[in-house]
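Chain by chain, the residues:
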Amino acid sequence: MVLQQLGGSITRALQQMSNATIIDEKVLNECLNEITRALLQSDVQFKLVRDMQTNIKKIVNLDDLAAGHNKRNIIQKAIFNELCKILDPGKPAFAPKKGKPSVVMFVGLQGSGKTTTCTKYAFYHQKKGWKPALVCADTFRAGAFDQLKQNATKAKIPFYGSYMESDPVKIAEEGVERFKKENCDLIIVDTSGRHKQEAALFEEMRQVSEATKPDLVIFVMDSSIGQAAFDQAQAFKQSVAVGAVIITKMDGHAKGGGALSAVAATKSPVIFIGTGEHMDEFEVFDVKPFVSRLLGMGDWSGFMDKIHEVVPMDQQPELLQKLSEGNFTMRIMYEQFQNILKMGPIGQVFSMLPGFSAELMPKGREKESQAKIKRYMYMMDSMTNEELDSTNPKLMNESRIMRIARGSGRQVRDVMEMLEEYKRLAKIWSKMKGLKIPKKGEMSALSRNMNA
Ligand code: GDP
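Residues numbered from 1 in each chain as written. Predicted model: local features only at pLDDT ≥ 70, side-chain atom pairs only at ≥ 80, totals over all residues.

S.K.: Hey, could you go over the confidence of the model for the protein chain for me, with residue numbers and the actual values?
M.R.: In this model, the protein chain carries a mean pLDDT of 80, and residues with pLDDT of at least 70 account for 76%. Per-residue pLDDT stays below 50 along residues 436-452; that stretch engages in 21 contacts with residues further than four places along the chain or on separate chains. This prediction of the complex comes with two scores: 0.68 for pTM and 0.99 for ipTM. (pLDDT = per-residue confidence, 0-100. Contact = placed C-beta atoms within 7 Å.)

S.K.: Could you give an account of the environment of glycine 243, naming the residues involved and the relevant values?
M.R.: Tracing the backbone through its elements, the reader meets glycine 243 in strand S6 (residues 242-248). Each C-alpha atom of the pair glycine 243 and lysine 91 lies 9.8 Å from the other, and the pair is 152 residues apart in sequence. Not counting chain neighbours up to four residues away, the residues in contact with glycine 243 comprise Ala93, Phe94, Leu216, Val217 and Ser268. (Helix = DSSP H or I, 4+ residues; strand = E, 2+ residues; numbered from the N terminus.)

S.K.: Any details on the site of the ligand? Residues and values, ideally.
M.R.: Around the ligand, the surrounding shell holds 17 residues, and the nearest of these are Gly113, Lys114, Thr115, Thr116 and Gly274. Considering every element that reaches the shell around the ligand, the biggest residue donor is helix H6 (residues 114-127), with 3 residues. Its residues assigned to classes, the shell around the ligand shows no nonpolar, 13 polar and 4 charged. (Near = placed C-beta within 6 Å. Nonpolar A, V, L, I, M, F, W, Y, C, P; charged D, E, K, R; others polar.)

S.K.: Which residues make up the pairing of strand S7 (residues 270-274), and what are the values?
M.R.: Among the 5 residues that make up S7, 5 are buried, leaving the element largely enclosed by the rest of the structure. In this structure, S6 lies alongside S7, joined through 3 bridges in parallel fashion. Considered in S7, the bridge of valine 245 is made with valine 270. Bridge analysis of S7 against strand S8 (residues 282-284) gives 3 bridges, and the strand direction is antiparallel. The partner of isoleucine 273 across the bridge, within S8, is glutamate 283. (Buried ≥ 20, exposed ≤ 12 C-beta atoms within 10 Å, placed from the backbone. Pairing = 2+ DSSP bridges.)

Written out as structure tokens, the structure reads:
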């Protein structure tokens, strides 16, 4: 199950529960079972899911729910906190300092994307003014050095390796030594990911680690490995002092639950994710926005940043004011669509918008989503000012719907679909009612508010 589907399943389970008139233990259990199923299908380890379920039951007080508090919010918050807890091991990864030499060793199975990720990591830091260097200590796989060399040359990053020397420990030692002399401040050691026997692979990793004394060991894991994630991550952790995790191939049909399992197994945070084969398809990983998006809650801080970036300055206060009044009219939806089409790359922006993520824009179908938005906008072009500015849902009667369909050359059911979409978004955006409108630079406070 890909991440967005997981978010969708959890949101649906919560929705079903909040539709129930009485929330008793049975309804809560049904909801939690549904969520458990979704997490297991996403390859989150069984034990993690079970513990999470127990914790949520402890946190969620049924008496509070019965007293009419917003049930969905209480449970969603408990799930949000539990998922964040799993992804946040409590201590940050070692952070190399610019100008001071650090050795970072990469470990992971062959095919996980380790070599690609080494270069992405180097490239990311190089752009920020570091002086990175790459050392290829994989002598097992023929072609490993060539691959690293090719990547490094493309990114203009110095590299070290050998076609002749078969001892990875020696190469690693020599490479680190050399780049320290050359005042590189981020020396990245790529290790082998396969051996004839697993024990030999781990032994080699231990020796390379002993010889190079890395400041940080990064475990690289393919996001699609499924339920095996926990055991694999644990096996690496038992051999070397893994201090951080990078999850690759999050752009594909990733079973993102593996990320949660890898963190739990290594007690180390995810620091980056790989989102494509190219050098710059690499993102810093932040727990809270990730979980927000997972649960379809939207990444509010990123979204507000985007508003400031894209909506013209003079229109910002008016838009935010309208939103904080909770009056989400069709006209606001139209303006939002206009902004979204301007923002691009559309995929990234969409997943930040509250409510826009899973339903309106399934990942990998950005073109379709864009077409859908344009279709909605054509239909809205046939609406009157009264219709665009109204917040009265009863206004849109049959004859108005038929007129809009005729005017835009679409079917009545298309107009109905657009109106449904409006209703769905209006409901979500009504949560912004009464919100303190942040100025630029006050985003994290807002994000905390929304996530609290
Ligand atoms: P290694 O054997 O662990 O060193 O793996 P490689 O770096 O050779 O990568 C294996 C394959 O995965 C290559 O085809 C990479 O281009 C691809 N790859 C690595 N990272 C990503 C990613 O984040 N997304 C996608 N789509 N492909 C990736």
